[in-house]
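Residue-level listing of the chains:
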Amino acid sequence: MQYLIGLDDTDNHESRGTGHLARFMAEALAQNFIVHGVVRHQLLEDERVPKTSHNSSATIIFDGDSYPLTEIAEFARKIMLDDFQPGSDPGLCVVSHVPDEIIRYGQRAQREFLHQQEPRALAAAHDIHLEGLGGTEGGVIGALASVGLTASGNDGRYVQVGSIRTLTGLQSIDAVLASGIASIRTLDGQPVTDGLVLADKLRPARRDGQPILFVEWQDDHWLPLKLD
């Protein structure tokens, strides 16, 4: 069974970001589950939205035996509360199935200014675990949006998948693919099968439910692109 954990607004201006906490949680989950990655999603950037940097959320994707969502939520909640940052407004969402209405909500959260009441009502209507863990609890907006966007299969970029974070320098196509990337493509969709890729900071996009690395040619190698 596949599970998604959505996190948002877990940091402040002095702490590490939500993506870092999500990667830490994913590492802990890997002791009992098969973790497929951590995806960053860009939400609405608007002066009315309280944020520390870019108003992004994170989702952890993992598979495992049938576990009660309440137990997974309790596990995630403890990690988040242990890392609570003063001034943050954390939100947590845990799901094993994402209805289309939640996907559409996530897409709206990228272009509309939303209030807490809507995600709370949607989560209640679909029996989805959604909770705030401090402050104003405004992170529930992005936590629900995050799982919706991940479930769409065509949004965001992986900040962790396979062993991409261990690669540095120029690497062969085979080495990049072996690190956990499904395919390497140019922006116009052409597959890249030879040459060297600068692998210092690979952040493949989530497309068709897979980590796809988009690149462009620069001088004598392929340069990775960061797409939302």
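Above this note sits the structure.
Cut-off values and rules
- Residues numbered from 1 in each chain as written.
- Predicted model: local features only at pLDDT ≥ 70, side-chain atom pairs only at ≥ 80, totals over all residues.
- Heavy atoms only, no water.
- Helix = DSSP H or I, 4+ residues; strand = E, 2+ residues; numbered from the N terminus.
- Buried < 20%, exposed > 50% of the residue type's maximum accessible area, 1.4 Å probe, protein only.
- Contact = heavy atoms within 4.5 Å.
- Areas by Shrake-Rupley, 256 points an atom, 1.4 Å probe, with all protein chains shown as cover.
- Pairing = 2+ DSSP bridges.

Each helix and strand counted, the protein has six helices and twelve strands in total. Dimensions along the principal axes, computed over C-alpha positions, put the protein at roughly 50 × 40 × 35 Å. In the protein, buried positions account for 50% of the 228 residues. In the protein, the proportion of contacts linking residues at least 24 apart, taken out of those at least 6 apart, comes to 70%. Surface exposure of the protein reaches about 10800 Å², of which carbon and sulfur atoms provide 48%.

This brings us to the pairing of strand β11 (residues 210–218). Bridge count between strand β8 (residues 183–186) and β11: four bridges; the pairing is parallel. Note that in β11 the partner of serine 183 across the bridge is isoleucine 212. Pairing of strand β10 (residues 205–207) with β11, which is carried by three bridges, proceeds in the antiparallel orientation. Considered in β11, the bridge of arginine 207 is made with glutamine 210. Between β10 and β11, which pair antiparallel one after the other, the connecting turn spans two residues, and aspartate 208 there sits at a positive phi close to 55 degrees. The pairing of β11 with strand β12 (residues 221–224) spans four bridges and is antiparallel. The partner of tryptophan 217 across the bridge, within β12, is tryptophan 222. Between β11 and the antiparallel strand that follows it, β12, lie two residues; aspartate 219 among them carries a positive phi value of about 60 degrees.

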